[in-house]
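Close look at the chain arrangement
Below are the chains, spelled out letter by letter.
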Amino acid sequence: MGETTVGAVVVCGGVMAWLLAERQREVQRARLLLAGGGAVTTGPPSWERAAGELRRLHGRLRAEWWALVLGLVLAFLAGSALPVLMGAAGVPVLRRLRLARQERRARDVRADAVIALCGALAGEVRAGRQPAEALLRAARDSGGLGEAQAAVVAAARFGGDVPGALAVAARQPGADGLSGLGACWRVAVDQGAGLAAGLDRLDAALRADRDQRADLRAQLSGARATALMLAALPALGLLLGSAMGAEPLRVLLHTGAGLGCLAAGTVFEGAGMWWAVRIVRGAEAL
């Protein structure tokens, strides 16, 4: 099993070295081409180029793939293929967490864009423009309609069902405020009510809701930090044990009792993290 792990590490290192060398050759060919076959400066030292390539590689690799890299390193140090399997199992979990974080950020950005759209639309209506023209200008400036902007703009430009198009656009994550905008539009058009006044109230409500969510997240940041610190304690224990010469990796990966403790610890660690994330998400949903 140890020979398999070492072979995997060697293969991965060889592939990385080949990619770096191939990119370096492409850079040299480009320099020769741009120099017209003349003298080409050598550029920075080789160790600086290697460091730059490693930084670019770090930027290209997704965060979840570093779990596999860490598994390879631990497998090389411990002489066992089990860390590689655990690192590979952690890749989809970390990818799911990264995508969820990106989706949450996109939702927050879209919510801010909807608030900006409401404010811009109210300003355009107060400037004396018709609702359709004001919506076209506000949508162009704020970008709060997201993927459904083309449908809403077409409905406003050609006299279509603007509230219906806004209701469809409100299905996007974070764009719930567009449903309120559609209701204000329908009331203003059907009953002749003031659109600007309704947009002001909607803008104030959306801003209050955003501030409340931000305050709640700030209050929950302490709980998140505590959960992460507790989750990192097992790794800290392994480092302390290695520093004291107890060889915890050998005990965990090469003895029956150690494998049992590792399995039980992994189950409890995963259950604890799942429970902590569920509590935090439940508090955010209130």
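Keep in mind it's a predicted model, so treat the numbers as computed, not measured.

Running from N to C, helix 5 (residues 131-142) and helix 6 (residues 149-157) cross one another at 155 degrees; their axes reach a closest spacing of 9 Å. Comparing their axes, helix 6 and helix 5 come out roughly antiparallel. Regarding helix 5 and helix 6, the two cross each other, and that crossing is left-handed. Along its contact with helix 5, which presents Ala 132, Leu 135, Leu 136, Ala 139 and Arg 140, the element helix 6 presents Gln 149, Val 152, Val 153, Ala 156 and Arg 157. Split into classes, the residues belonging to the contact of helix 5 with helix 6 amount to seven nonpolar, one polar and two charged.

Turning our attention to the pattern of salt bridges. Inspection of every chain in the model, using the stated rule, returns nine salt bridges. Asp 203 is paired through a salt bridge with Arg 207; the nearest N and O atoms lie 2.8 Å apart. Of this pair, Asp 203 and Arg 207 both sit in helix 9 (residues 195-243), four residues apart, roughly one helical turn. Residue class for Asp 203 comes out buried when judged on its relative accessible area of 13%. Here Glu 247 and Arg 250 are joined by a salt bridge, their closest N and O atoms 2.7 Å apart. The class for Glu 247 is partly exposed, based on a relative accessible area of 44%. Connected through salt bridges with shared partners, the residues Glu 124, Arg 129, Glu 133 and Arg 137 form a single ionic network.

Reading the values: rules and limits
- Residues numbered from 1 in each chain as written.
- Predicted model: local features only at pLDDT ≥ 70, side-chain atom pairs only at ≥ 80, totals over all residues.
- Heavy atoms only, no water.
- Axes fitted to C-alpha atoms, helices over the stretch in contact; angles between N-to-C directions.
- Helix = DSSP H or I, 4+ residues; strand = E, 2+ residues; numbered from the N terminus.
- Parallel < 35°, antiparallel > 145°, perpendicular 65-115°, else oblique.
- Left-handed = near helix turned anticlockwise from the far one by under 90°.
- Contact = heavy atoms within 4.5 Å.
- Nonpolar A, V, L, I, M, F, W, Y, C, P; charged D, E, K, R; others polar.
- Salt bridge = Lys/Arg side-chain N within 4 Å of Asp/Glu carboxyl O.
- Buried < 20%, exposed > 50% of the residue type's maximum accessible area, 1.4 Å probe, protein only.

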